[in-house]
Amino acid sequence: MALMITDECINCDVCEPECPNGAISQGDEIYIIDPNKCTECVGHFDEPQCQQVCPVDCIPFDPDHPESKEDLMEKFLKLTADK
């Protein structure tokens, strides 16, 4: 499943550069994660990097976007096919 950023986000800017897929961007009030680009870092790292650097622990799994590890790997392969 993709990740999401909750309203506890303090806009510290540390998560955005950590995302290897460019899924994180500044929203109207807090940072947001594009579920179409989020692979939970599958294909890049063993753990989601944004969760590792977040100082307020506001990046949980998004229950609205359930995906298996296989689904995430397939998304990773599609996202990186052009690179």
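Bear in mind the structure is a predicted one, so any value in this text is a computation, not a measurement. (Residues numbered from 1 in each chain as written. Predicted model: local features only at pLDDT ≥ 70, side-chain atom pairs only at ≥ 80, totals over all residues. Heavy atoms only, no water.)

A. Region of interest: unusual backbone geometry. Residues other than glycine seldom take positive phi values, yet C41 does so here, at roughly 70°. On the secondary structure map, C41 appears in the loop between β2 (31-33) and α1 (49-53). (Helix = DSSP H or I, 4+ residues; strand = E, 2+ residues; numbered from the N terminus.)

B. Region of the structure containing helix α2 (residues 69-80). The first and last C-alpha atoms of α2 sit 16 Å apart over twelve residues, in line with the 16 Å expected at 1.5 Å per residue. Along α2, the residues that are buried comprise L72, K75 and F76. An end-on view of α2 places all buried positions within 105° of arc, on one side of the element. With respect to the buried face of α2, the exposed residues turned more than 90 degrees away are E70, L77 and K78. (Expected span 1.5 Å × (residues − 1). Buried < 20%, exposed > 50% of the residue type's maximum accessible area, 1.4 Å probe, protein only. Arc of directions from axis to C-beta.)

C. Structural view of the pattern of salt bridges. Under the defined criterion, the tally for this structure stands at three salt bridges. A salt bridge links K69 to E40; the shortest N-O distance between them is 3.8 Å. With K69 in helix α2 and E40 in the loop between β2 and α1, this pair connects stretches of sequence that are 29 residues apart. Residue class for E40 comes out buried when judged on its relative accessible area of 8%. With a closest N to O distance of 3.0 Å, E67 and K75 form a salt bridge. (Salt bridge = Lys/Arg side-chain N within 4 Å of Asp/Glu carboxyl O.)

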